[in-house]
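Chain and residue survey
What follows is the residue order along each chain.
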There are 2 protein chains.
Amino acid sequence: MESRSEQILNTIIDHYIQTAEPVGSRSISKKLPVSLSAATIRNVMSDLTDSGFLSQPHTSAGRVPTDLAYRHYVDRLQANPTPELVDLEAEEEQFAELAKRCPRLEDLLQETANELTQATHCVGMLLPPRSGPSRLKKVELLGISQTQVLVILVTQTGMVKNRILPLKECPPQEDLDKIAGILCGQFAGQSIEEIHLNFLERLTDDAKELSAQAIRIGKKALEIEAAGEVYVSGSANLCEYPEFFDHHSLYKVYRQFENKEALASMFEALTKTEGLHVQIGGENRAFGLESCSVLASTYGTQGALLGGIALVGPTRIDYPKVIEAIGRSSRKLSYAVNHFLIEGR
Amino acid sequence: MESRSEQILNTIIDHYIQTAEPVGSRSISKKLPVSLSAATIRNVMSDLTDSGFLSQPHTSAGRVPTDLAYRHYVDRLQANPTPELVDLEAEEEQFAELAKRCPRLEDLLQETANELTQATHCVGMLLPPRSGPSRLKKVELLGISQTQVLVILVTQTGMVKNRILPLKECPPQEDLDKIAGILCGQFAGQSIEEIHLNFLERLTDDAKELSAQAIRIGKKALEIEAAGEVYVSGSANLCEYPEFFDHHSLYKVYRQFENKEALASMFEALTKTEGLHVQIGGENRAFGLESCSVLASTYGTQGALLGGIALVGPTRIDYPKVIEAIGRSSRKLSYAVNHFLIEGR
DNA sequence: TTTAGCACTCACGAGCGAAGAGTGCTAATC
DNA sequence: GATTAGCACTCTTCGCTCGTGAGTGCTAAA
C-alpha cells in the first residue's frame, strides 16, 4: 500500500470518526494537505474500495471505512505512537489525591473506571486484579452451620475474599481454628496461586496433626474463586452514538453487557499479555460485540496484582484519544496497585 | 366515580397495556362484557378525559391512560387482590432447589433478581439486606500498613463486611487482636446496629484494659457502612419497549440507573414500610424516573435481615402480572433470608 | 498521471391526495 | 333521560411523485 492512498485512507477515517457520515471525495480533497482534485481522490477511493478498506452504503453515497481500514489505522497508530506529553509528576500527584479519597482499592478502581468513561464517552469495564498472585496474610475458618464453613482469605494488599464451603459435617470451631492457624503459619506471605498448586507438597511437617478431612478443608479453603466480577460503568453512553440509535442493535449490545461469562472470557483473551490491545468490530464476534471496538489494557505487573481495564464503543471510535486515555488510566491503576502493595506489605 | 365508567377505564388500561397504541371507542365496545355502543363509550371516555384519567395524543386519535388512571387501576388491584393460587409447598421446594445451587446468600439474591427480570421483561433492582439488624459473630482487626487497619465483620448469617480504617498510627497486631477479642467477647450475638448505638454504655467492665485509641478503633470498627450497593439486572430489557425506542428518553433512564445515590434513596423511600409499593410515572420524579413505574417490595422481616427488591418498567407495565411476580420473588427471598438465619444461628 | 467535465444514480425531503381510524355532535330511539 | 345511529370533521399515516443535491464512474484532454 503506497503512502498516498494510505494518507487518503487515514483522512477519510479521521473525517468519518468526527461526522459519522459517509465521506465524499470533495471533502477529502479540501482536507488533504497536498492539493489533489476530487477526481484523483475518487480513483484512489475506488481502489481502496476494491481492496476492502472502504465500503459504500449505496452506489451514489460516500465511502465508509471498513473494519479492515480501522485495523490499518490502529496498527499505524501503535507503530508510530505520538510522543505523549506525559507529565509523570502531575499524574503522580493526581493519583495521590485520588488515593486519599478512596481508602479501599476497590473504590479506587471503580472511581478510575468512572472517570475514564466520562472522558471517553465509552462504556468502561474493569476486571479487578486477580487475587491469585497476591500474598496470603490470614486465613479464617468459621463454622456457620452444621454443614457450612465460611472461609475468609485476607491478602497482604488488604483484599478480603470469602466463600462458603459446603461440608458433610462441620468440625467444631476449635478444630477449624487449629486448621486455620496451621494454614496461616505455613503459607502466610506466599502467593495464593502457588500455595494452591502445590498444596500437598508444601504441607508436610505439621500434616500429621491434621485429619484427612482437615486437609481437604484446607485445600478447598485456598481455592481461588472463579474469575472475578466485571464492573461495567457508563453503559448509558452508548445511547449517544448514531450507530446505536436503532434500538435493536443497542439491545444486542446491552444483552452482552449482562452476559458476565462473555465479558470474563473477553478479558481473559485481552489480558493474556501485558499492554494495550485493540479489537475492532468483527474481531469481537466471539464475545457478541461485532458492532463495537474494544480497547483493553492490563494494569499492575505480572506476578503482582494483574487486572484489566477496557473501553467499549462503536467501531467509529476516536482511537487516538481513547488510546491515550486508557493508557493514562492504566498507569494510574498501576500506581494504585503498587501503592497498595507497598503500603500493604 | 360510578362503576361503569370505572369498568370502561380498566378495560382501556388493559387494552393499552397489551398494545401500547391509543385505544379507540369501538375496540372497547367490542371488548366489554356488557353490550354498549361505541357512541356511549365515547361519551364516557370524554368524561374520563375531563377528569384527567385519559389523554389524547392528538384530537382525532384514541385515548391513552394517564398516570392518574394507572394509580386508580393499581389501587383497585391492591384493594381487591386476586385470590392468588399460591402453591406454598411447590414454592418451598423450588426454593430448596435454588438454595442448593447458591451457597452464598449474595448469589441467591442475584439469581432470584435475574429470574424475576427474565419473567417480567423489566429491569430488576436488588437491595441486599442491611447488615445492621443481623447479629455479630466475629470481629477481626488486621493492620495492613502503618496507617491502616482492615476491619472484618462477620455476621451470624455468614455475611462478611470489610472496610479499611485510616489511623494516625496503627497499634501492633497483638493489641489489635486484643481489641478484637474484647469486642467479640462482649458483643457477639448482639445486633450490630444496637451495639453501635450504645457502644460506650455497653463497654464497661473490660474497658479499663483498653486505651482511648483502642476504644476509638473499636467504635469505628462497628460502624455500619453506608447503604449497600444496589444490584441492577436486565437493563437491556427496556430497549424492547416502544416507549423507549426514542434514544433520548432511553439515555435519561439509563443515566439514572448508574446514579447509585438516586437508586439508594429510591430504595430508602420504598422500603420504609414492609410490603409492596407501586410508584407510577411522575411519582418517581424525585429519582429521575418519571417515565417509568417502579414496583418495590421488601423481603425478610423487620428486625432480621430486611432488604428490598424492585422492578422498573414503562408506566404501561402489566401490573397484575408484575405484582404477582414480585410477590413470589419477595416470598422466595424471605424464605432465603430465614433459611440463612436459621442455618447460621 | 492528473484533472476537468459530464452523465448517471440514488437517498432525502417536500408536497399531495386517498385511506382510515377516531372523534364530537345531533337527532332519533327505547 | 340514557342510549344509539348517523354524519361531518379532524388528523395521522402511507404511498406516490418529483425536484434537489451529493456523490459516483467514465472519458477525454492536459
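You'll find the structure just up there.
The rules behind the values
Residues numbered from 1 in each chain as written. Chains lettered and ligands numbered in written order. Predicted model: local features only at pLDDT ≥ 70, side-chain atom pairs only at ≥ 80, totals over all residues. Least-squares fit on C-alpha atoms with pLDDT ≥ 70 in both. Contact = placed C-beta atoms within 7 Å. Pairing = 2+ DSSP bridges. Helix = DSSP H or I, 4+ residues; strand = E, 2+ residues; numbered from the N terminus. Axes fitted to C-alpha atoms, helices over the stretch in contact; angles between N-to-C directions. Buried ≥ 20, exposed ≤ 12 C-beta atoms within 10 Å, placed from the backbone.

**Digging into the relation of the copies chain B and chain A**
Its rotation angle being 180°, the transformation that places chain B on chain A also includes 0.0 Å of axial translation and leaves an RMSD of 0.1 Å. The relationship between the two copies is best expressed as a two-fold rotation axis. Taking the C-alpha atom as reference, chain B places B:His247 closest to the rotation axis, 3.8 Å from it. The fraction of interface residues of chain B whose copies in chain A are also interface residues reaches 97%, indicating that both copies meet through the same surface.

**Notes on the sheet that holds strand S7 (residues 231-233) of chain B**
All names here are of chain B. Judged by pairing direction, the sheet is antiparallel, and its five strands sit side by side in the order S7-S3-S10-S9-S8 without closing on themselves. Bordering the open sheet on either side are S7 and strand S8 (276-280), each of which pairs with just one other strand. Each strand axis lies, on average, 15° off the axis of its neighbour in the sheet, ignoring direction. Across three bridges, strand S3 (residues 123-127) lies against S7 in antiparallel orientation. Within the sheet, the bridge partner assigned to Met125 lies in S7 and is Val232. Against the sheet, helix H12 (residues 260-270) contacts S3, S8, strand S9 (292-300) and strand S10 (306-314), and its axis sits at roughly 110° relative to S10.

**So, the pairing of S3(B)**
Residues and elements named next belong to chain B. Judged by how many residues are buried, S3 sits mostly within the fold: five of five residues are covered. Side-chain alternation along S3 places Val123, Met125 and Leu127 on one buried face and Gly124 and Leu126 on a second face that is also buried. Bridge analysis of S3 against S10 gives five bridges, and the strand direction is antiparallel. Note on S10: the bridge partner recorded for Met125 is Ala310.

**What about the sheet that holds strand S5 (residues 148-155) of chain B?**
Adjacent strands of a sheet form backbone hydrogen bonds with each other and so pair up, either parallel or antiparallel. All names here are of chain B. The three strands are arranged S4-S5-S6 in an open sheet whose pairing can be described as antiparallel. Each edge of the sheet is formed by a strand with only one pairing partner; in this case those strands are strand S4 (136-145) and strand S6 (160-166). Direction aside, neighbouring strands of the sheet carry axes that sit 20° apart on average. Strand direction decides the pairing type here: S4 and S5, joined by eight bridges, are antiparallel. Bridged to Gly143 within S5 is Val149. Where helix H7 (residues 173-187) meets the sheet, its contacts fall on S4 and S5, and the angle it forms with S4 comes to roughly 165°. Sitting on the sheet, helix H10 (residues 212-221) touches S4, S5 and S6, and the angle it makes with S6 is about 140°.

**Regarding the pairing of S6(B)**
Looking at chain direction, S5(B) and S6(B) are connected through seven bridges and run antiparallel. Residue pairing across strands places B:Gln148 opposite B:Pro166, the latter belonging to S6(B).

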